[in-house]
Structure formats: structure tokens, C-alpha cells
Amino acid sequence: MRKYLLFGLLPLLAACGGSDTFSPTEDAGMQLATQVSIFESKDSQKQWVLRADAVDFSDLKSATLKNPVLLLKENGQDSVQVTGDTGTFDYPHKLVSIDGHAVIKSLTENATITAEQFSYDVDKNRIWSDTKTVITRGGAKVTAKGGVETDSKLSKIELKKQRTRLPARTDELKLNKDILHK
């Protein structure tokens, strides 16, 4: 059974109040909590943990996050960390969005992915971006202009909307084949 828990939410909501430094909405009814962790548990192991310095709970369908850190777990161990300036957690759709200087860092592989925004679908366990994204793995760096989609382990990274130019003539293919065999 999966459980969603708002760790320490009740004591934090008791201390909620407005803040001049974090104002994601113009509503006067902001419900602000600090140092919040939201996580999913399955078979007594956390599957993912979403932490934020401050969370606005005034919208009952989604929370607005300041300095979010999303930790994805593999066999109970941290495997991927996603960070950014702001974010949201959409409860009904189980979607996390992390925006502003967003970075995905593999804690098990030598890989980092950067973009302005990443989304994480809890049910599908997928991370994606729809804008220019830079993937760095080892010494190689690739730019995906249309974004990427990957599993939570970063083992399968799919570049979106990429274009490859095929040679116009077959002799170009032969030339490339000869170069590869040298």
C-alpha cells in the first residue's frame, strides 16, 4: 500500500503565516510552513522524498515550494536528486514540478542534467523537460533543444525532438563507413 505523508505537517501548519520573502500567490490567505518533507512509502521503504525550505498550502490541490529538493530512491538508497529555485506538488495528479536553475544529479552514475524546469510523474516514475536541456555524463556533454525524458535512475535518457541529417548520397555513407573502420 502506498502512503503519502506530510511529515510534521500539523505542527508546522499551526505556525503558518505570511512571508514577504516567499509570495507565490497574491492571496492573503497563504498557509505557509517551513522545512517540510513530503514522501511516499511502500513496504516500509521511502520511494521518494520531496523537501522544501517553505511550502504554501493555501491551494488544497497543490503546494507551492521554495528551494525544493526531490530525492528519488532505489532499494532504499538515494539515487537521484532534483533541485531548483521553486516548484509545485500537484496532489490529485501526483506531479512534481521543479523550476528555475533546475538540476538533476545522479548519485549513483556520473550524470548531471540541467534545464529551467523538470517534471516528475510519481505514478510513472518518469522525469522530463520540454525546453533546452544539457546532459553531462562523464566527459561528454549533449544539448537536447526539445528536452529529455528519463527514468528515475537516469539509465535511459531519451532526447526529445532531435533531428539527424542523413547523407543525401550513398557515397557519403560509404565515406563515413570507411572513416569509422580506420
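Just above sits the structure.
Here goes a summary of the coordinates provided. This structure is a prediction, so every number in the text was calculated from the model and none was measured. (Residues numbered from 1 in each chain as written. Predicted model: local features only at pLDDT ≥ 70, side-chain atom pairs only at ≥ 80, totals over all residues. Heavy atoms only, no water.)

## Things to note about the nonpolar core
Link 1 in the chain: Judged by nonpolar contacts, the single largest core of 30 residues is most densely connected at Trp 48 and Leu 70.
Link 2 in the chain: Looking at this core, the elements with two or more residues in it are strand 2 (32–42), strand 3 (45–56), strand 4 (62–66), strand 5 (69–74), strand 6 (77–83), strand 8 (95–106) and strand 9 (111–121).
Link 3 in the chain: Here the element with the most residues in this core is strand 9; it accounts for five residues. (Core = buried A, V, L, I, M, F, W, Y, C linked by side-chain atoms within 4.5 Å. Buried < 20%, exposed > 50% of the residue type's maximum accessible area, 1.4 Å probe, protein only. Helix = DSSP H or I, 4+ residues; strand = E, 2+ residues; numbered from the N terminus.)

## Observations regarding the pairing of strand 3
Link 1 in the chain: In terms of strand pairing, strand 2 meets strand 3 through 10 bridges, oriented antiparallel. Across the sheet, the residue bridging to Ala 33 is Val 55, located in strand 3.
Link 2 in the chain: Turn length for the strand 2-strand 3 hairpin, with the two strands adjacent in sequence and antiparallel, is two residues, and the turn residue Asp 43 shows positive phi of about 55°.
Link 3 in the chain: For strand 3 and strand 5, the ladder comprises four bridges, and the chain directions are antiparallel. Bridge pairing in strand 5 links Val 49 to Leu 71.
Link 4 in the chain: Counting the residues between successive antiparallel strands, the hairpin from strand 3 to strand 4 contains five residues. (Pairing = 2+ DSSP bridges.)

## Considerations on the pattern of salt bridges
Link 1 in the chain: Throughout the structure, instances matching the rule amount to five salt bridges.
Link 2 in the chain: Lys 73 is paired through a salt bridge with Asp 78; the nearest N and O atoms lie 2.4 Å apart. (Salt bridge = Lys/Arg side-chain N within 4 Å of Asp/Glu carboxyl O.)

## Some details on the layout of surface pockets
Link 1 in the chain: Roughly 240 Å³ of internal volume is contained in the largest pocket.
Link 2 in the chain: Around the largest pocket, the lining is made up of 16 residues, and of these Gln 47, Lys 73, Glu 74, Asn 125 and Ser 152 lie nearest the centre.
Link 3 in the chain: The dominant element in the lining of the largest pocket, judged by the number of residues it contributes, is strand 3, at four residues.
Link 4 in the chain: Here the residues of the lining of the largest pocket are counted per class, giving four nonpolar, six polar and six charged. (1 Å grid on protein atoms, 1.4 Å probe; cavity = no way out; pocket = protein on both sides within 12 Å on 5 of 7 lines; lining within 4 Å. Points joined across faces, edges and corners; volume = space filled by probe spheres on them. Nonpolar A, V, L, I, M, F, W, Y, C, P; charged D, E, K, R; others polar.)

## Digging into the packing of aromatic side chains
Link 1 in the chain: With the rule as written, the count across this model stands at two aromatic pairs.
Link 2 in the chain: Seen in terms of ring centroids, Phe 89 and Tyr 91 are 5.3 Å apart; in terms of plane orientation they differ by 85°. Their pairing is edge-to-face.
Link 3 in the chain: Since its relative accessible area comes to 4%, Phe 89 is described here as buried.
Link 4 in the chain: Among the residues examined, Tyr 91 registers a relative accessible area of 25% and is labelled partly exposed. (Phe/Tyr/Trp six-rings, centres within 6.5 Å; stacked < 30°, edge-to-face > 60°.)

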